[in-house]
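Listed below are the residues making up each chain.
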Amino acid sequence: RIKNNGKGSAAFFDAGMEREALARMKIEQSLRLAILEKRFCCAFQSKVDIRTQAVMGIEALVRLRDDEGVIQAPGSFINLATELGLIDELTHLVLAEIVKSIDLINDMFGAEATISINVAAKQAGNPEFMRTFAQALDDTGFPQRFMIEVTEDAFVAKSHFQSEILPMFRKLGVGISIDDFGTGYSSLSALADITADEIKIDRSFITDIHKRPRSQGILRAIESLSEALGMTVIAEGLESYEELAYLQAATKIRYAQGYYFARPIFLEELKLATPASSESRASVSARPMQQN
Ligand code: C2E
Ligand code: MG
Ligand code: MG
Ligand code: MG
């Protein structure tokens, strides 16, 4: 309902909006507190070679342990954290957890597996953050193990991102991955101007790929372009045997990430489930597990 405040302009107000504002303030507050108390942790999801099931890399997916100890997925807080300017700190916490757990990561996934960290497009567009982050990656002593995943929106034409920021990461040996490809605003032809090592085809194209000729066409186009440009292609969100069978029969796509092979999992859980031997490593971490 719109109330007239008597001065000719309308003031928007109702109890529902007030409740909403209060709820938002509460989330804001608990997010700030969570950062202060470092109540974040990472689940790790494998990127798998679909021919051998070997783990070629892992992706760190941040989780929040809320006030009540419940684990929250990033969908509920990443955008807000970005809006509030807390995302940079969060990314550094993710890196810190990886560094702290590197021996366990090596035991569980192999010392050759790359380690991917997501960087929001807004962060990617902030040279100051990117310089600090590159330095932090270098400080680990093993920067060449890392990849950063950014969405295609970060690669906007004529941005400093491509000309100055990315070369800085590349010089350290950090890989560049285009996340959620196909969902942003760039056209396929924009790929030709993008310098990246890896392209992740968004889950929306992979879901039921065996039944969707249009997705199949798009996949073929991305595949041949990526091949020409020397980029590794990863199919995101692979959930079923039928999808896998299609990729194997009709494409040359060699890598996939999805619940079919492995769910994101906490290292402690994996440690409990797995005797750390190199023989069991690939098969166990590639087995579908309970979702986090
Ligand atoms: P993303 O980077 O595209 O990660 C893939 C998301 O899809 C993850 O969700 C993962 O759990 C989920 N997923 C993986 N395989 C499957 C599958 O087979 N089926 C389905 N339905 N989903 C699957 P999650 O962990 O909730 O993360 C959501 C997004 O949050 C990520 O999308 C990423 O954009 C963002 N994010 C996660 N961690 C970070 C972080 O540390 N920093 C930033 N800036 N963003 C992050
Ligand atoms: Mg990602
Ligand atoms: Mg993605
Ligand atoms: Mg995504």
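Since the model is a prediction, treat every value here as computed from it, not as a measurement. (Residues numbered from 1 in each chain as written. Chains lettered and ligands numbered in written order. Predicted model: local features only at pLDDT ≥ 70, side-chain atom pairs only at ≥ 80, totals over all residues. Heavy atoms only, no water.)

## Quick look at the packing of aromatic side chains
Now for step 1: Going through the model one piece at a time under the given rule, you end up with six aromatic pairs.
Now for step 2: Measuring from centroid to centroid gives 6.5 Å for Phe133 and Phe169, while their planes differ by 45°, and the two rings are tilted. Remark: Phe169 occurs in helix 7 (residues 160–172) and Phe133 occurs in helix 6 (residues 127–139); sequence separation between them is 36 residues.
Now for step 3: Residue Phe169 is classed as buried on the basis of its relative accessible area, which comes to 0%.
Now for step 4: When the centroid spacing of 5.6 Å and the interplanar angle of 15° are considered together, the rings of Phe142 and Phe146 count as stacked. (Phe/Tyr/Trp six-rings, centres within 6.5 Å; stacked < 30°, edge-to-face > 60°. Helix = DSSP H or I, 4+ residues; strand = E, 2+ residues; numbered from the N terminus. Buried < 20%, exposed > 50% of the residue type's maximum accessible area, 1.4 Å probe, protein only.)

## Focus on the coordination of the magnesium ion (ligand 2)
Four donors placed tetrahedrally around a metal ideally meet at 109.5 degrees, and six donors placed octahedrally ideally meet at 90 or 180 degrees.
Now for step 1: Bound to the magnesium ion (ligand 2) are the protein donor atoms Glu59 (OE), Asn118 (OD1), Glu149 (OE) and Asp179 (OD), situated 2.0 to 2.2 Å from the metal.
Now for step 2: As a motif over one chain, the donors of the magnesium ion (ligand 2) read E-x58-N-x30-E-x29-D.
Now for step 3: The metal-metal distance between the magnesium ion (ligand 2) and the magnesium ion (ligand 3) is 4.0 Å, with Asp179 serving as a donor to both. Taken together, the residues span a long stretch of sequence, with Asn118 in strand 6 (residues 114–118) and Glu149 in strand 7 (residues 146–151) at a distance of 31 residues.
Now for step 4: What makes Asn118 partly exposed here is its relative accessible area of 27%. (Donors = N, O, S within 2.8 Å, 3.2 Å for Na, K, Ca; no water.)

## Thoughts on the site of ligand 1
Now for step 1: Contacts to ligand 1 come from 24 residues, most closely from Arg63, Asn118, Asp179, Glu239 and Tyr259.
Now for step 2: At 3.4 Å, a backbone N or O of Ala120 approaches a nitrogen atom of ligand 1.
Now for step 3: Bound to the protein, ligand 1 loses 82% of the 800 Å² it would expose on its own.
Now for step 4: Mapped by element, the contributors of at least two residues to the shell around ligand 1 are strand 4 (55–65), helix 3 (87–100) and strand 8 (175–181). (Near = heavy atom within 4 Å. Polar contact = N/O pair within 3.5 Å; in protein donor to acceptor, adjacent residues only side chain to side chain. Areas by Shrake-Rupley, 256 points an atom, 1.4 Å probe, with all protein chains shown as cover.)

## Section: the packing of helix 6 against helix 7
In helix packing, the relevant descriptors are the interaxial angle and the interaxial distance, both defined with respect to the helix axes.
Now for step 1: Packing of helix 6 against helix 7 leaves a shortest axis separation of 9 Å and a crossing angle of 10°. The angle between the axes of helix 6 and helix 7 places the two elements in the roughly parallel class. Residue-level inspection shows Pro127, Met130, Arg131, Phe133, Ala134, Leu137 and Asp138 of helix 6 in contact with helix 7, the latter providing Phe161, Ile165, Met168, Phe169 and Leu172.
Now for step 2: Among the residues making up the contact of helix 6 with helix 7, the classes are represented as 10 nonpolar, no polar and two charged. (Axes fitted to C-alpha atoms, helices over the stretch in contact; angles between N-to-C directions. Parallel < 35°, antiparallel > 145°, perpendicular 65-115°, else oblique. Contact = heavy atoms within 4.5 Å. Nonpolar A, V, L, I, M, F, W, Y, C, P; charged D, E, K, R; others polar.)

## Considering the confidence of the model for the protein
Now for step 1: Confidence along the protein averages 88 in pLDDT terms, with 88% of residues attaining 70 or more.
Now for step 2: Segment residues 277–291: pLDDT under 50, and 36 contacts once partners within four positions in sequence are set aside and those in other chains are kept.
Now for step 3: For this predicted complex, the interface confidence comes out at an ipTM of 0.98, alongside a pTM of 0.89. (pLDDT = per-residue confidence, 0-100.)

## Comments concerning the pairing of strand 3 (residues 40–49)
Working note: regular strand, side chains alternate between the two faces of the sheet.
Now for step 1: Along strand 3, 10 of the 10 residues are buried, which leaves the element largely enclosed by surrounding structure.
Now for step 2: Burial of strand 3 is two-sided: the residues Phe40, Cys42, Phe44, Ser46 and Val48 facing one way and the residues Cys41, Ala43, Gln45, Lys47 and Asp49 facing the other way are all buried.
Now for step 3: In this antiparallel pair of consecutive strands, strand 3 and strand 4, the connection spans five residues, and Gln53 shows a positive phi of 65°.
Now for step 4: Sheet topology note: the strand 3/strand 11 (residues 255–257) ladder contains two bridges and is antiparallel. Considered in strand 11, the bridge of Asp49 is made with Tyr255. (Pairing = 2+ DSSP bridges.)

## Observations regarding the side chain of Gln123
Now for step 1: Within the secondary structure, Gln123 sits in helix 5 (residues 121–124).
Now for step 2: Not counting residues up to four positions away in its chain, the partners in contact with Gln123 are Ile87, Asp88, Thr91, Asn118, Phe129 and Met130.

## Some words on the pattern of salt bridges
Opposite charge on two side chains lets them pair, provided their charged atoms get close.
Now for step 1: Within this structure, the stated rule accounts for 12 salt bridges.
Now for step 2: For Glu37, the salt bridge is made with Arg39, and the minimal N-O distance between the two is 2.7 Å.
Now for step 3: Classification of Arg39 as buried rests on a relative accessible area of 17%.
Now for step 4: A salt bridge links Arg170 to Asp197; the nearest nitrogen and oxygen atoms lie 4.0 Å apart. With Arg170 in helix 7 and Asp197 in the loop between strand 8 and strand 9 (198–201), this residue pair connects regions lying 27 residues apart in the sequence. (Salt bridge = Lys/Arg side-chain N within 4 Å of Asp/Glu carboxyl O.)

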